[in-house]
There are 4 protein chains.
Amino acid sequence: MLDILSPADRDFLAAVTAFVESDVLPHAHRREGAGYPADLFARMRELGLFSACTRDLRTYALAIEELARGWLSLLPIVNAHSSSVWACKFHATAAQRRQWLPWLLAGDQIAALALTEQQGGTDLAHLESTAEPVAGRWHITASKSLITHAGHADLMLILVRTDPDSALAHRGLSLFLLSQGEWAVDREIPKLGSRGIETCEISVDTIVPADRLIGEVPGRGFAQAMDVLEVGRIAVAAAAIGVGRRALWNAIEYARERATASGLVAELPTARQQLGSAAAQLAAAKALALSAADTKQRGGRHDLEASAAKVAAASAALTAALTAMEIGGGWAYVEDLEFARLLRDSALFIAGEGSNSVLTSLVGGRLVNAEPSLSWI
Amino acid sequence: MLDILSPADRDFLAAVTAFVESDVLPHAHRREGAGYPADLFARMRELGLFSACTRDLRTYALAIEELARGWLSLLPIVNAHSSSVWACKFHATAAQRRQWLPWLLAGDQIAALALTEQQGGTDLAHLESTAEPVAGRWHITASKSLITHAGHADLMLILVRTDPDSALAHRGLSLFLLSQGEWAVDREIPKLGSRGIETCEISVDTIVPADRLIGEVPGRGFAQAMDVLEVGRIAVAAAAIGVGRRALWNAIEYARERATASGLVAELPTARQQLGSAAAQLAAAKALALSAADTKQRGGRHDLEASAAKVAAASAALTAALTAMEIGGGWAYVEDLEFARLLRDSALFIAGEGSNSVLTSLVGGRLVNAEPSLSWI
Amino acid sequence: MLDILSPADRDFLAAVTAFVESDVLPHAHRREGAGYPADLFARMRELGLFSACTRDLRTYALAIEELARGWLSLLPIVNAHSSSVWACKFHATAAQRRQWLPWLLAGDQIAALALTEQQGGTDLAHLESTAEPVAGRWHITASKSLITHAGHADLMLILVRTDPDSALAHRGLSLFLLSQGEWAVDREIPKLGSRGIETCEISVDTIVPADRLIGEVPGRGFAQAMDVLEVGRIAVAAAAIGVGRRALWNAIEYARERATASGLVAELPTARQQLGSAAAQLAAAKALALSAADTKQRGGRHDLEASAAKVAAASAALTAALTAMEIGGGWAYVEDLEFARLLRDSALFIAGEGSNSVLTSLVGGRLVNAEPSLSWI
Amino acid sequence: MLDILSPADRDFLAAVTAFVESDVLPHAHRREGAGYPADLFARMRELGLFSACTRDLRTYALAIEELARGWLSLLPIVNAHSSSVWACKFHATAAQRRQWLPWLLAGDQIAALALTEQQGGTDLAHLESTAEPVAGRWHITASKSLITHAGHADLMLILVRTDPDSALAHRGLSLFLLSQGEWAVDREIPKLGSRGIETCEISVDTIVPADRLIGEVPGRGFAQAMDVLEVGRIAVAAAAIGVGRRALWNAIEYARERATASGLVAELPTARQQLGSAAAQLAAAKALALSAADTKQRGGRHDLEASAAKVAAASAALTAALTAMEIGGGWAYVEDLEFARLLRDSALFIAGEGSNSVLTSLVGGRLVNAEPSLSWI
């Protein structure tokens, strides 16, 4: 499958895999909770991971998958940053692109993404943060929650309400770019997994120049955010697959070494069947994620395919992590090994990033008004 | 995704879809049990479906999927015939290819495939039918079971033992080509589904010329059969997806028309979520089947990917058929509608064609001796 | 667990088991489609199965389970008849009880149950059949569908609308008892499974005496039907468990005899694990069904427990039938063996009798307005 | 169902529920990681929880379920202690019973249970710790892992090898009772969940009097441990159900308060269906656990029923915790709420205490040599 990609993309992926194998995987477990991994981000900058989203989207998805296979905690930063790159590249003015895009692509400035609020959750149409025009500038007053990397990011793309009177709630929103110092971190939020990177509650009370608004006019933030999230959904699916693959291979490595009265665990027919079953589910989800990436790359409609890919990937990752727990037995419950962390990490995809329940409802809702299409279902 | 394919392949698929929509789908339910569908096979011959396996394998898989979406009963014939084409094209002598391949590709002669026996089942290494050399010819003595299309096929590719003394049981097998009249149908076997086409027990007691042996020398039948079955596995996965898609869309069509006290079934959030969930699973399996086809087309190792695709497709088809049953409720249990037939058809893929249990064990067994590979898992 | 029951009930169950083992199980497969099993019903009358619903409800559930283990087709008749017994015993007038109950309990007259209509389906509140008062009698005009045993039953309990103007649709319904000849069978409906007994569309256009109305006054039919269906739900759960247990043991029997290259299927660790997993699921569903029966017997609120038992039992039966299909492989798809019939039979419980989707929604809807209760969840 | 129990048992359970509701549930989340909950154990002693295993086993199971619903971390201590009570009551000498049982039943001395070793894991037959006779005393040399409560327990029941030459590995084992100070805690082991109580690696190098051996003669430790673990398995099933019920109700409480654009989460049909489905699975597992407890109480063979109950309960608890995660969405991933902890806690039952994979294999292995039994499956 990789031979479809350009030689440059293949070289890029080989470099990512080599980095993951040598610098990430062997240390991920120990590093969780051991402080901000600045050294790894420096290496990722050199490798070009902060501009990977401008490559063929399959290449981007595979790079994300490899990173997540190494350590999920590296992922949210790349995904948020890529969303900002995407927003800047496709929705910003020419002047903004000239000003910000080089930095963003080089990874010299890493951007976070601030959408979620305490009350609305993922229901962006009802967010309460605002930006008010004040003498040709914007006064931004915002409280956001579940904001990844807010403690270290250089920039932050933030969604706020610019028209409180819009009849359609989601019409009155706009995206702005903030610079470090323009937001305050109120609290780091303890999480089940993905613990290598901070997730925060933040507040903003600042006045920014007019050109911080993404695009020419306010009121387009919802559509811009939706566009960015859809690319992000493919990345989320790829990340889930990466975590699932690591859970699978962690179990295989354990099974090769662990003896039972009936021989190595890897020799047990029941263990083999469970591993094979998890692998088949992961492989299917991966194929769909890559297909959705390819569809998007070709300019086709990919939203349902991307949502379905996220659902399949989240289920497959969870299956892999739970299968691994069964194979590891009592030792898998101990945080010394990787089993438990990989279960904690895989659960991110069930709960967050558009829950499976929300996305299957979305897909089903569209299907009942559609016709069969050989190109996807 | 279809735009990856050549224009000729896209035209071919469009013709298949048109045929399925106009000639197959509307009549499939009524025709089951109403006799051999010779008219449909004639149209399929015109459309080039009996040589479809020589196209890009993704195109072949998509054509199979469409046919199965129309009526599963059309499938086993195409799949068995394609296996014979494949065997002839890649394993026959030049003389055999010259003699048989034109007829096979034109669909003028349709071939069945006789592997399974009562005792050994799918365990081909232990089959008991034999071919003995007799004065430069072969005396074939065989009993085979679960042979699809044996009552109407023109040719039959049959696997028998030519060396009873081989230390390795599977080394002593060979493939032969039989012509109509050289086998006897002993019984038609009643089946749970796929009832539009006969499945038979047959017996053979005949002497055939030396050149009926596929290839130059005897003893290569097991490897030839395995090669042929692996291409067939992709077709089986595609067929399962086709049945699953029909089950999904049959449910959607029903849901759009069926009123409940709370409105149309299609408006019920729970029904939408169930449909969306089944669709996501089908889409993932389909993507994997197409990826396996592409890998095979490019000459890569595809056996595990194809096995995983069959497993994912069988599960997805069953999920779709069962989801449909829940949505149809009591009426789905009545054979007036298509729900029940689609469940019966979808169950083929659980039981047969390499059960999921066998194939996941196979995949898992290989994984414990492998390393992670970005190209599949 | 059986030792909780009275000696009389244990004797009764032992007799049922002996009957199932000797007269039902060995012939069920052959008899499906071979005509109305009048001889078996005669034996069931002698055994007291038509009055079993007046015993301890756990005993009733266990008797149902055993019958269904033998042959599901025997079940719907007993269940419909028991519903009529129940309706007569708890909702009829004293005169009606004196007149009908002895016959019903003896099984001299077997009653069918006519609720479902083509349009409304299981949505009883919207049924369209009517009974109009005509000179101290009732003129019943009805079309009913999915009516089991309508071709042979002696009596029929039928739900119709007596007050077309009731503001609350379900308030205007009443139950009547019809006698053979007062309904016409319009069509036998072909079904996926449970094929040993007819299911029909019927029509009624008849005038009956006033005392055919169940109870003193009209308008109580919906509540009466709901009460009867709730007892029936426990029986449905028990029947599902019976089918599931037979599917499990059919697979075990096959596994003990079928050789593979690695030994008997029964020796394969993967087969054992699959069988054990299906058994655990069945055992849990069975325990819940018996617990619901016990709760009802003690006069407690059992509706959610009974619904949950039906859901768990339907899932477990399907799991058992599908697990069996995997273990049987290609041969399981052949209707010579019992695998396929047991899958067809087990699917009844997914589609019908309150689909799992409907019942889980019901349970969930109640839970969000309840508090935890140590006595069930 | 509770009305089956004696008035004394019902009063006991009511007291446990009251304690859980007032003292445990409201504080559990905050207390995890906040030190040894000595105050709660004192209250549990007063309530009689350390002798609860001598009550009707259904009462014991329900008490365990309630405690686990409050806080899983309280459970392993009660379970290990109860195992010691059980071992003492049924396997100790009369003198030992007189000496230890009063203290154990009063909870004045709380006992831990030391079976698992680093190498053998749950494969007790291959453990390497030893006790050697030395001048009428025993010299115990042991390394044990995954030992709960080892940092605070007063006593410890430990399984070691007394006959290194026994042909049957499990014949040479014996149980001993150690007193605080006779073992050393080498390390506290970090765990995925159940974090309110320590789990340790310990080592023993001590000489104890002859009467520390449980029973009259050495060599019976394996059978004694198996007996104790089987009672423990019911308790483990009950604990899983308790955690699952809390996960369910935590989700319900959240759903009642959390607004979405379409209304409260509790009003969403999809959420209701998911909650109902999880509840049905939990209810079935609970019924089976209580049935197994009842069977054991009556002296029947309950090992397969108990194993099946553990499997069903572990699956149900996990389903409930994962369903809750989906309903909670992104917020469920935050450790501020209980969702994440309940998922971590529920995973204990997948990995440990006899993994589902091991136990389903056990059940299946027995089934293939058994006959159907109306009393369980």
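Residues numbered from 1 in each chain as written. Chains lettered and ligands numbered in written order. Predicted model: local features only at pLDDT ≥ 70, side-chain atom pairs only at ≥ 80, totals over all residues.

### Here we look at the overall build of chain A
When helices and strands are tallied, chain A shows 11 helices and 9 strands. Over its C-alpha atoms chain A spans a radius of gyration of 21 Å, differing by no more than 12% from the 21 Å that the globule rule assigns to 377 residues. Principal axes of the C-alpha set define a box for chain A whose edges measure 80 × 50 × 45 Å. A burial count over chain A gives 60% of its 377 residues as buried. Once local pairs closer than 6 in sequence are excluded, the contacts in chain A between residues at least 24 apart make up 75%. (Helix = DSSP H or I, 4+ residues; strand = E, 2+ residues; numbered from the N terminus. Rg over C-alpha atoms; globule rule 2.2 N^0.38 Å. Buried ≥ 20, exposed ≤ 12 C-beta atoms within 10 Å, placed from the backbone. Contact = placed C-beta atoms within 7 Å.)

### Things to note about the relation of the copies chain D and chain C
Least-squares fitting of chain D to chain C yields an RMSD of 0.0 Å, with the transformation described by 0.0 Å of translation along the axis and a rotation of 180°. Taken together, the rotation and translation describe the operation of a two-fold axis. Of the interface residues in chain D, 100% have counterparts in chain C that sit at the interface too, so the contact is made through matching surfaces. (Least-squares fit on C-alpha atoms with pLDDT ≥ 70 in both.)

### What about unusual backbone geometry?
Positive phi is not limited to glycine here, since Ser194(B) has a value of about 50°. Looking at Ser194(B), the number of C-beta atoms within 10 Å reads 25, which means it is buried. Even without being glycine, Ala135(C) reaches a positive phi, approximately 50°. Within the secondary structure, Ala135(C) is located in the loop between strand E2 (130–134) and strand E3 (137–148). Accessibility expressed as a C-beta count within 10 Å gives 8 for Ala135(C), which makes it exposed.

### Comments concerning the domain arrangement of chain A
All names here are of chain A. Domains assigned within chain A are domain 1 (2–106), domain 2 (111–219) and domain 3 (223–367). For domain 1 versus domain 3, the distance between C-alpha centres works out to 20 Å. Across the contact, 22 residues belong to domain 1 and 24 residues belong to domain 3. Secondary structure elements with two or more residues in the side of domain 1 that touches domain 3: helix H3 (57–70) and helix H4 (75–91). Counting residues per element, the side of domain 1 that touches domain 3 draws most heavily on H3, at 9 residues. Partitioning the side of domain 1 that touches domain 3 into residue classes produces 11 nonpolar, 5 polar and 6 charged. (Domains from an automatic or database assignment. Nonpolar A, V, L, I, M, F, W, Y, C, P; charged D, E, K, R; others polar.)

### Section: the environment of Arg55(C)
Residue and element names in this part refer to chain C. Examined against the element boundaries, Arg55 turns out to sit in the loop between helix H2 (38–47) and helix H3 (57–70). C-beta crowding within 10 Å serves as the criterion here: with 20 such atoms nearby, Arg55 is assigned to the buried category. Each C-alpha atom of the pair Arg55 and Ala8 lies 9.8 Å from the other, and the pair is 47 residues apart in sequence. Residues within four places of Arg55 in sequence aside, it is in contact with Asp9, Phe12 and Tyr60.

### Brief notes about the interface of chain A and chain B
Every contact between the two is made by 51 residues of chain A and, on the other side, 51 residues of chain B. Those elements that provide at least two residues to the side of chain A that touches chain B are helix H1 (7–31), H3, helix H6 (221–257), helix H7 (269–297), helix H8 (303–328) and helix H11 (356–367) of chain A. It is H7(A) that provides the largest number of residues to the side of chain A that touches chain B, a total of 19 residues. The class makeup of the residues in the side of chain A that touches chain B is 29 nonpolar, 14 polar and 8 charged.

### A few points about the relation of the copies chain A and chain B
Superposing chain A onto chain B takes a rotation of 180° plus a shift of 0.0 Å along the axis, which leaves an RMSD of 0.1 Å. Most of the interface of chain A is mirrored in chain B: 100% of its interface residues are interface residues there too.

### Quick word on the packing of helix H8 (residues 303–328) of chain B against helix H11 (residues 356–367) of chain B
A pair of packed helices is characterised by two quantities: the angle between their axes and the separation of those axes. Residues and elements named next belong to chain B. Taken N-terminus to C-terminus, the directions of H8 and H11 make an angle of 145°; their axes are 9 Å apart at the nearest point. Handedness of the H8/H11 crossing: left-handed. Along its contact with H8, which presents Leu304, Ser307, Ala308, Lys310, Val311, Ala314 and Ser315, the element H11 presents Asn356, Leu359, Thr360, Leu362, Val363 and Arg366. Residue composition of the contact of H8 with H11, grouped by class: 7 nonpolar, 4 polar and 2 charged. (Axes fitted to C-alpha atoms, helices over the stretch in contact; angles between N-to-C directions. Left-handed = near helix turned anticlockwise from the far one by under 90°.)

### A look at the pairing of strand E7 (residues 199–209) of chain C
In summary, the side chains of a regular strand alternate between the two faces of the sheet. All names here are of chain C. Two elements, E3 and E7, share 10 bridges in a ladder whose sense is antiparallel. Looking at E7, one finds that Trp138 is bridged to Val208. The pairing of strand E6 (residues 184–188) with E7 spans 4 bridges and is classified as antiparallel. For Ala184, the partnering residue across the bridge sits in E7 and is Ser203. (Pairing = 2+ DSSP bridges.)

### A word on the interface of chain D and chain C
Taken together, the contacts link 51 residues of chain D with 51 residues of chain C. Breaking the side of chain D that touches chain C down by element, the ones donating at least two residues are helix H1 (7–31), helix H3 (57–70), helix H6 (221–257), helix H7 (269–297), helix H8 (303–328) and helix H11 (356–367) of chain D. Residues belonging to the side of chain D that touches chain C are distributed by class as follows: 29 nonpolar, 14 polar and 8 charged.

### Digging into helix H1 (residues 7–31) of chain B
Residue and element names in this part refer to chain B. For H1, spanning 25 residues, the distance from its first C-alpha to its last is 33 Å, which sits close to the expected 36 Å at 1.5 Å a residue. Where H1 bends most, at Val24, the angle is about 45°, and the proline Pro26 comes one to four residues later. Every buried residue belonging to H1 is among Phe12, Leu13, Val16, Phe19, Val20, Val24 and Ala28, and all of these are buried. Elements in contact with the buried residues of H1: helix H2 (38–47) and helix H3 (57–70). (Expected span 1.5 Å × (residues − 1). Bend = angle between axes of the 7 residues up to and from the residue.)

### Details of the packing of H3(D) against H6(D)
Residue and element names in this part refer to chain D. Put simply, H3 and H6 touch, their axes get as near as 7 Å, and they point 40° apart. It follows that H3 is oblique to H6 by the angle criterion. The chirality of how H3 crosses H6 is right-handed. Across from Leu57, Ala61, Ile64, Glu65, Glu66, Leu67, Ala68 and Arg69 in H3, the residues of H6 making contact are Ile234, Ala235, Ala238, Ala239, Ile241, Gly242, Val243, Arg245 and Arg246. Tallied by class, residues from the contact of H3 with H6 come to 11 nonpolar, 1 polar and 5 charged. (Parallel < 35°, antiparallel > 145°, perpendicular 65-115°, else oblique.)

### Brief notes about H2(C)
Residues and elements named next belong to chain C. Every buried residue of H2 is accounted for by Leu40, Phe41 and Met44. Buried residues of H2, viewed axially, fall in a sector of 100°; they line one side. In H2, those exposed residues whose orientation departs by more than 90 degrees from the buried face are Ala38, Asp39, Ala42 and Glu46. On its buried face, H2 sits against helix H1 (7–31). Downstream of H2 by one or two residues, Gly48 has phi in the positive range, about 90°. (Arc of directions from axis to C-beta.)

### Side note on the environment of Pro102(C)
All names here are of chain C. Looking at the secondary structure, you find Pro102 in helix H5 (residues 94–106). A residue is classified by how many C-beta atoms lie within 10 Å of it, and Pro102, with 12 of them, is exposed. Residues Pro102 and Ser51 lie 51 residues apart in sequence; the distance between their C-alpha atoms is 9.7 Å.

### A look at the confidence of the model for chain A
Within chain A, residue pLDDT values average 94, and 99% of them lie at 70 or more. Two numbers describe this predicted complex: its pTM, 0.97, and its ipTM, 0.96. (pLDDT = per-residue confidence, 0-100.)

### What to know about the environment of Ile197(D)
Residues and elements named next belong to chain D. Along the chain, Ile197 falls in the loop between strand E6 (184–188) and strand E7 (199–209). Overall, the presence of 21 C-beta atoms within 10 Å leaves Ile197 in the buried class. A C-alpha to C-alpha distance of 8.2 Å links Ile197 and Pro76, two positions 121 residues apart in sequence. Setting aside chain neighbours within four positions, we find Ile197 in contact with Ser73, Pro76, Ile77, Thr148 and His149.

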